[in-house]
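# Per-entry structural report
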Amino acid sequence: MSSEDKAMAICVTSLSPKVMVSEPDPNRMMMSRSNMEYSQTNGQANAVLGPVAIFWDIENCPVPSDVRPEDVASNVRMALRMHPVVRGAVTMLSAYGDFNAFPRRLREGCQRTGVKLVDVPNGRKDAADKAILVDMFLFALDNHPPSSIMLISGDVDFAPALHILGQRGYTI
């Protein structure tokens, strides 16, 4: 196993319990079929073709110590490609946290690979969570279904917002 494969396996393994990805409800998919584009691929489930936004709470789900920061974006994108339904292009990959507390190597490695760093100073309670929620709903306003939202976090406080977006036709 190459070091890149190992890094991918570690990232996917470490993120899998924290990545909130759910299968779309087949009944909801049938009701909103006219609003969404689907493609049939090799007899697999219908794929959602639309923009994908990835929101990463880097404080609650940090980069594993044995994964290079430069590999994070490609590992997350590769994990998303394994999803059985989501097939859209990643248009947004943002990490939220107090980046003054993170090593320079981590910040630079993430930025070099296309991760937008949203610096949220740690002075206010739940500041990063609020910034993620605002950006998630702004993405939803700008990108109607079929669109997908991927949240990388260990925080259950996002569940109500994700539920509402799922009910409105977004793949979560």
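Residues numbered from 1 in each chain as written. Predicted model: local features only at pLDDT ≥ 70, side-chain atom pairs only at ≥ 80, totals over all residues. Heavy atoms only, no water.

### A short note on the pattern of salt bridges
Heads up, the rule is: One speaks of a salt bridge when a side-chain nitrogen belonging to Lys or Arg is within 4 Å of a carboxyl oxygen belonging to Asp or Glu. Numbering goes from the N terminus for both helices and strands, where a helix is a DSSP run of H or I of at least four residues and a strand is a run of E of at least two.
Applying the stated rule across the entire model yields three salt bridges. Here Glu70 and Arg112 are joined by a salt bridge, their closest N and O atoms 2.7 Å apart. Of this pair, Glu70 sits in the loop between strand 4 (52-57) and helix 3 (72-81) while Arg112 sits in helix 4 (residues 104-112); the two residues are 42 residues apart in sequence, bridging distant segments of the chain. Two residues, Arg104 and Glu108, come together in a salt bridge whose shortest N-O distance is 2.6 Å. In this pair, Arg104 and Glu108 are both assigned in helix 4, four residues apart and thus about one turn of the helix distant.

### A short note on the confidence of the model for the protein chain
Heads up, the condition is: Per-residue confidence from the predictor is reported as pLDDT, a score between 0 and 100. For this analysis, residues touch if any pair of their heavy atoms sits within 4.5 Å.
The pLDDT averaged across the protein chain works out to 78; a share of 74% of its residues lies at or above 70. At the low end of the mean pLDDT range in the protein chain sits helix 2 (residues 26-31), at 31; at the high end sits helix 6 (residues 159-167), at 97. Below a pLDDT of 50 lies the segment residues 1-44, which in the model reaches 67 contacts outside its immediate sequence neighbourhood of four places, other chains included.

### Describing the pairing of strand 5 (residues 90-97)
What counts, and what does not: Think of it in three bands: with a 1.4 Å probe and only protein chains considered, a residue is buried below 20% of the maximum accessible area for its type, exposed above 50%, and partly exposed in between. Crossover handedness is defined here as right-handed if the route from the first strand over the helix to the second strand goes clockwise, with the strands pointing away from the viewer. The pairing criterion is simple: DSSP has to find at least two bridges between the two strands.
The buried fraction of strand 5 amounts to six of the eight residues, a majority that puts the element mostly inside the structure. One crossover worth recording links strand 4 to the parallel strand 5 by way of helix 3, and it is right-handed. Judged from the four bridges that link them, strand 5 and strand 6 (residues 116-119) form a sheet pairing that is parallel. Bridge pairing in strand 6 links Ser94 to Lys116. The parallel pair strand 5 and strand 6, bridged by helix 4, forms a crossover whose chirality is right-handed.

### Quick notes on the nonpolar core
For clarity, the cut-off: Put simply, a nonpolar core is a bunch of buried Ala, Val, Leu, Ile, Met, Phe, Trp, Tyr and Cys residues held in one set by side-chain atoms that sit within 4.5 Å of each other.
Core analysis: the largest hydrophobic core is formed by 21 residues, its most contacted members being Ile54, Trp56, Ile58, Val63, Val115 and Ile152. At the level of elements, strand 4, helix 3, strand 5, helix 4 and strand 7 (148-152) are the ones that each hand at least two residues to this core. The element that contributes the greatest number of residues to this core is helix 3, accounting for four residues.

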